[in-house]
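If you want the building blocks of each chain, they are given just below.
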Amino acid sequence: MTRLTIARAAFALLFILTASASLRAQPFVNYEAKQTSPVRLSPDGSRLFAVNTPDGRLSVFDVTNPKNPILIAEIPVGVEPVSVNPVSNDEAWVVNEVSDSVSIVSVSQHTVINTLYVKDEPADVVFANGRAFVSCSRNNQIAVFDQVSHASITNIPVFGENPRSLCVNANGTRVYAAFALSGNRTTLIPLEKAPPPPAPTNPNLPPPPQVSLIVDATDPAWTNGVNAPIKFTMPDNDIVEIDTASLAITRYFPRVGTVNFAIAIRPGINPGSGDLYVANTDARNTTRFEPVLRGGFVTNQISRVNISSGAVTRYDLNPGFAYTNFPNLANQSNALAQPTAIAFGPSGGNYYIAAFGSDRVAQVSADTGNIGARFDLNPNAPGSVANPRTKRGPRGLALKPGVALYVLNRISNTITVIDPFNNVIVREIPVGSHDPTPQVIREGRGFLYDAKISGGGLVSCASCHIDGEMDMLAWDLGDPAGRLETNRMKVAGSQTVFPGGIFSNVVFHPMKGPMTTQTLRGLAGLDPLHWRGDRTNFTHFNGAFDGLLGGPALSAADMTLYRDFINTMVYQPNPNQNLNRTLPGTFGGGNPTAGRNAYVSTNYGSLGFIGLNCNTCHALPHGTDRGFTPAQALDEPQDFKVPQLRATYQKMRFTNAPGAPSVLGFGLVHDGSDPSLFAFLSRPVFGTLAPDTVQKQNISAFVQCLDTGTAPAVGLNYAARSNAVIALASGNWAFLEQEALKMTNIELVVKTVIAGEQRGFLYRAASNNYRADSTNFSALTKAQIVSLVQTGGAVMVMGVPPGSGPRAGIDRNLNGVLDGDEPRPTLRLSRASNNLVIAWPTNTPFVLETASALPVASWTTETSVRGVVGNSLNVTNATTNTAQFYRLKEL
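Predicted, not measured: the structure shown is a model, and the values here were computed from it. In this numbering scheme, every chain counts its residues from 1 along its sequence in written order. For a predicted model such as this one, the threshold for reporting local features is a pLDDT of at least 70, and the threshold for listing and counting side-chain atom pairs is 80 or more; totals across whole chains, interfaces and linings nevertheless cover every residue. Each side-chain value is worked out from all heavy atoms of the structure, with water and hydrogens disregarded.

Draft legend 1. Spotlight on the overall build of the chain. Helix numbering and strand numbering both begin at the N terminus, where a helix is a DSSP run of H or I of at least 4 residues and a strand a DSSP run of E of at least 2. Tallying secondary structure elements over the chain gives 17 helices and 47 strands in all. Relative accessibility thresholds used throughout: buried, under 20% of the residue-type maximum; exposed, over 50%; partly exposed, between the two (1.4 Å probe, protein chains only). Put simply, the chain has 891 residues, and 60% of those count as buried. At a minimum sequence separation of 6, the contacts of the chain that also span at least 24 residues come to 60%. Residues count as neighbours in contact if any of their non-hydrogen atoms are within 4.5 Å of one another.

Structural data, given as structure tokens:
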């Protein structure tokens, strides 16, 4: 046995034992979750519910004084909550993207009373006809539950990519889901069937390589005739309509937009008659070459869908904007980029949109699309000024008609309060009492999303890298006037496999052809970057701020901040693995375990090279050795960097089978031309593997289950009350303890309500007990916690990323003072109408809000009213000497 064979066998054994390189233990892990409906008002409008995504909590505000929200409760939920929908003042459903769950919260009990498991990457929840509908974005399903019993009713498969935002018509008979990554009906003509590319305009360039071509899938030039390369169909579904009684899909609506962020129904005179409005962007990826697309490669728009006919009317949010002569200060001062939320007024005559990329909110006419008032949310970046380090990032809207518009800002984790009657910003407040987001993320995140740093204020990196991921499209961003570039790069594999040395000169032609958008997750340590590896490291992308966005290049300091932020983004768990991080017995017609063995040990011999297997180049655990595959090794006209494989499972919904409908227009490899791993491995260059159906199916199954670095038990959470805690302790709770004992998968936290008080615990694997969030508590066993809560309390158990257990469980702000030992927050009362009910947490002191225009007060001493329900607080207006009485109510 050779040393190379021994090394490979040892590596294979190591992989079998450890699955993959796990996350580095750290207090905060950035999953860059995709907020969908992060803020909503209670049905009576007296409470505002908002997700504190980084802190994993639901914040509840009293908005009886609408312009001065008062934080009255913070309740731990799952990992990365992205949406909330309140059933009443007391009950709210919170969607947790990383946890694959919905937390059903009771405000009065300060806890999660039930948890619904929904995979993968749930995004939104709405209620209709006694049922709850949850969009499962990664699985392309709508999960349905009984709203009262919480029992699962069914999962509805939908034919569209990434359903997220949901809405319900006025009479509750229809639910609508918008497909976030629906595409725009574009697909690919493979390079062997595409026409030759145009000649370079730079006379010093050699002819470009033969490349594929991006086209509309219905273009008759490519669909008609016996030899037409496009023989499949692309419905381009953007919205699905579901009957809430029969749960049948009644209609799909196409041609709405490419990336559909939010959907809303215009209030109508007749229930069920309101048209649909969708906040979206539309890609211009059939247009070739970076200089042509510079500064304006997507259209930011609102699409109106006639509910009767299905006809679509598109309203450009930036009509008449120029795409040349950058920088255009007027455009930058008024642009509305990447609309992510929409909220109607009660009359339906207008609505508000949140322009996530522009840090603006605007009022829009529902009939004409004309823009009314605009609100700049970032005081550090007025007008055309850009300041990505302090970007707000408006992501959610909740309208209290005529009184207040609440804007939840994803990046700053704040809520901006707007007076819609006087068109002024009133204040900006934190979403919660604590934000654990590290400084490296706070300062660098804005560079990904800020459209104001583009030449016309219309686009950002996130226009294609949606929330740091992919738009599921291909783009041809070559430059006919560019120049050749040569880098000395590491060749994939070894000298034994590719004779001629570890390093080689790689020449890049500027006319590179279509390339699919790659995810920005998991890039740390995987330089060089891009499909061709033509970016030696992430800072090398700085040229795109000028060449593609049309703005100035970033300073070296800013580019470093941007890179450091990008390196924090990690993958979420692979939903195809078992919850204990093992491979399933079968998947997609193959055996993943057999596939893993073939991946690391089966040599397929090709093109005269010896010792060649999948792991030679796509080295585990990431699926890349960071080297280059020579063009001849894949029978391609260009050299390519070996890409990582951890996102492969997300790109499997393209088919080019004749007559088959396809959700996506692009699949695997650099240009998206291969519909599956099976098809890719069928290329003749794979030698003895190409005709081996069983091996190909097994390897395909393994790669689709490839570990992402995040264990499936991360975020997994369960809740129970009273006697149901006993069953939880012996079932799912015990499973999470076993995962925590592995040390590299999760840490385990427990949230309880004991004697009316929130309590947190952290599992200590070495001693098999739980450290409490107060020095007044000794460590407890699981049995002791169960005993304390089973007589009337509640418990939630949850796996969190390694290293984040102390923060998530017992020391929220990591200041060394445990959560239970922190001084109680003070309830601040604001002026409101007479006899208003004011709620406050048990044993919490209170004082009167003393901001300007609020009354002064005299009242009974704090100790005499604390915890007393029904006592009144006499508040006297200092100006008019009129008395107001506030009835106190314990939460």
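More follows now that the structure is in view.
Draft legend 2. Structural context of the pattern of salt bridges. Salt bridges are defined as contacts in which a side-chain nitrogen from Lys or Arg sits within 4 Å of a carboxyl oxygen from Asp or Glu. By the definition in use, this model includes 38 salt bridges. Linking Glu161 and Arg653 is a salt bridge whose minimum nitrogen-to-oxygen distance equals 3.1 Å. Taken together, the positions of Glu161 in the loop between strand 12 (152-157) and strand 13 (163-168) and Arg653 in the loop between strand 36 (640-641) and helix 11 (677-681) put the pair 492 residues apart, joining distant regions of the chain. Its relative accessible area of 1% is what places Glu161 among the buried residues. Look at Arg653 and you get partly exposed, because its relative accessible area is 26%.

Draft legend 3. Summary view of helix 12 (residues 693-704). What a helix is expected to span follows from its residue count: subtract one and scale by 1.5 Å. When the terminal C-alpha atoms of helix 12 are compared, their 17 Å separation across twelve residues agrees well with the 16 Å that a helix rising 1.5 Å per residue should span. In terms of residue burial, helix 12 counts as a mostly covered element, since nine of its twelve residues are buried. When we look at burial in helix 12, the residues that qualify are Gln695, Lys696, Asn698, Ile699, Ser700, Ala701, Phe702, Val703 and Gln704.

Draft legend 4. Structural detail: the pairing of strand 11 (residues 141-146). Bridge analysis of strand 10 (residues 131-136) against strand 11 gives six bridges, and the strand direction is antiparallel. Paired with Val134 across the two strands is Ala143, which belongs to strand 11. Of the strand pairs in this sheet, strand 11 and strand 12 are connected by five bridges, and their pairing is antiparallel. Across the sheet, Gln141 pairs through a bridge with Pro157, a residue of strand 12. Strands qualify as paired when DSSP identifies two bridges or more between them.

Draft legend 5. Fine view of the packing of helix 14 (residues 732-741) against helix 15 (residues 782-789). Lines fitted to C-alpha atoms define the axes, with helix axes restricted to the stretch in contact, and inter-axis angles between N-to-C directions lie between 0 and 180 degrees. Running from amino to carboxyl end, helix 14 crosses helix 15 at an angle of 150°, the nearest separation of the two axes being 13 Å. In terms of axis orientation, helix 14 runs roughly antiparallel to helix 15. Handedness of the helix 14/helix 15 crossing: right-handed. Contacts between helix 14 and helix 15 involve Trp733, Ala734 and Glu737 from the first element and Lys782, Ile785 and Val786 from the second. Lys, Arg, Asp and Glu make up the charged group, whereas Ala, Val, Leu, Ile, Met, Phe, Trp, Tyr, Cys and Pro make up the nonpolar group; the residues left over, Gly among them, are polar. Of the residues assigned to the contact of helix 14 with helix 15, the class counts are four nonpolar, no polar and two charged. Roughly parallel refers to an angle under 35 degrees, roughly antiparallel to one over 145, roughly perpendicular to one between 65 and 115, and oblique to any angle outside these ranges. Should the near helix be turned counterclockwise from the far one by less than a right angle, the crossing is left-handed, whereas a clockwise turn marks it as right-handed.

Draft legend 6. Region of interest: helix 14. When helix 14 is considered as a whole, its buried residues turn out to be Trp733, Leu736, Glu737, Glu739 and Ala740. Projected down its long axis, helix 14 carries its buried residues within an arc of 160°, all on one side. Directions from the helix axis toward the C-beta atoms define the arc.

Draft legend 7. Region of the structure containing the sheet that holds strand 17 (residues 237-243). Strand order across the open sheet formed by four strands is 13-14-17-18, with antiparallel pairing between neighbours. Strands at the two margins of the open sheet, each flanked by one partner only, are strand 13 and strand 18 (249-254). Averaged over all pairs of adjacent strands, the angle between their axes in this sheet comes to 20°, without regard to strand direction. As paired strands, strand 14 (residues 174-179) and strand 17 are joined by five bridges and run antiparallel to one another. Paired with Ala178 across the strands is Ile239, a residue of strand 17.

Draft legend 8. Representation of the environment of Pro661. Here Pro661 lies in the loop between strand 36 and helix 11. Along the backbone, Pro661 and Thr233 are 428 residues apart, and their C-alpha atoms lie at a distance of 4.7 Å.

Draft legend 9. Spotlight on the sheet that holds strand 10. Spatially, the four strands line up as an open sheet ordered 9-10-11-12, and their pairing is antiparallel. Looking along the sheet, the strands with just one partner apiece sit at the ends: strand 9 (122-128) and strand 12. Neighbour-to-neighbour, the strand axes of the sheet open up by a mean angle of 20°, direction not taken into account.

Draft legend 10. The nonpolar core, seen in detail. What makes a nonpolar core is a set of buried Ala, Val, Leu, Ile, Met, Phe, Trp, Tyr and Cys residues whose side-chain atoms join them at distances within 4.5 Å. Among the nonpolar cores identified, the biggest contains 55 residues, and Leu58, Trp733 and Val797 are the most heavily contacted of them. Here this core gets five residues from one element, more than from any other, and that element is strand 41 (residues 794-800). Residues contacting Val797, with those up to four places away along its chain left out, are Leu716, Asn717, Tyr718, Leu728, Trp733, Leu736, Leu748, Val749 and Val750.

Draft legend 11. Structural view of unusual backbone geometry. Following Lys119, the chain continues to Asp120 via a peptide bond in cis, the omega torsion being 10°. Within the secondary structure layout, Asp120 lies in the loop between strand 8 (111-117) and strand 9. Here the amide bond leading from Phe326 into Pro327 is cis, since omega sits at -5°, within 30 degrees of zero. Assignment of secondary structure puts Pro327 in the loop between strand 22 (312-316) and helix 4 (329-334). Phi is positive for His110, close to 60°, though the residue is something other than glycine. Tracing the chain through its elements places His110 in the loop between strand 7 (101-106) and strand 8.

Draft legend 12. The arrangement of the packing of helix 9 (residues 592-601) against helix 12 in detail. Where helix 9 contacts helix 12, the two axes come as close as 7 Å, and the packing angle between them is 100°. As far as their axial angle goes, helix 12 and helix 9 are roughly perpendicular. Between helix 9, through Pro592, Ala594, Gly595, Arg596, Ala598 and Tyr599, and helix 12, the contact on the second element is made entirely by Gln695, Asn698, Ile699, Ala701, Phe702 and Val703. Grouping the amino acids of the contact of helix 9 with helix 12 by side-chain chemistry returns eight nonpolar, three polar and one charged.

Draft legend 13. Representation of the packing of aromatic side chains. We call Phe, Tyr and Trp rings a pair once their centres come within 6.5 Å, taking the six-membered ring for Trp, and we label the pair stacked below 30 degrees between planes, edge-to-face above 60, and tilted otherwise. If you walk through the whole model with that rule in mind, you get 19 aromatic pairs. Aromatic pair Phe232 and Phe654: ring centres 5.6 Å apart, planes at 80°, arrangement edge-to-face. Residue Phe232 is found in the loop between helix 2 (220-223) and strand 17, and its partner Phe654 is found in the loop between strand 36 and helix 11; the two are separated by 422 residues along the sequence. Neither residue differs from the other here; Phe232 and Phe654 are each classed as buried. Members of the aromatic cluster, each reached through a chain of ring pairs, are Phe447, Phe538, Phe541, Phe545 and Tyr562. Think of it as a cone above the ring: NZ of Lys or CZ of Arg counts as a charge over the ring if it is within 6 Å of the ring centre and within 35 degrees of the ring normal. Residue placement shows Arg284 over the ring face of Tyr323; its charged tip is 5.6 Å from the ring centre. The ring of Phe356 is capped by Lys391, whose NZ or CZ atom sits 5.9 Å from the centre of that ring.

Draft legend 14. Expanded view of the confidence of the model for the chain. Looking at any residue, its pLDDT shows the predictor's confidence there, from 0 to 100. Confidence in the prediction of the chain, expressed as mean pLDDT, is 89, and 88% of residues score 70 or more. Note on residues 1-19: pLDDT is under 50 here. Beyond four places in sequence and across chains, it has 21 contacts. Note that pLDDT drops below 50 for residues 827-891; the model gives that stretch 143 contacts with residues more than four away or on any other chain.

Draft legend 15. Geometry of the state of the cysteines. The disulfide criterion is simple: two cysteine sulfur atoms within 2.5 Å. All chains considered together, the criterion is met by zero disulfides. As a non-bridged cysteine, Cys464 has Cys461 as the owner of its nearest cysteine sulfur, 9.1 Å distant. Given the relative accessible area of 11%, Cys464 is considered buried.

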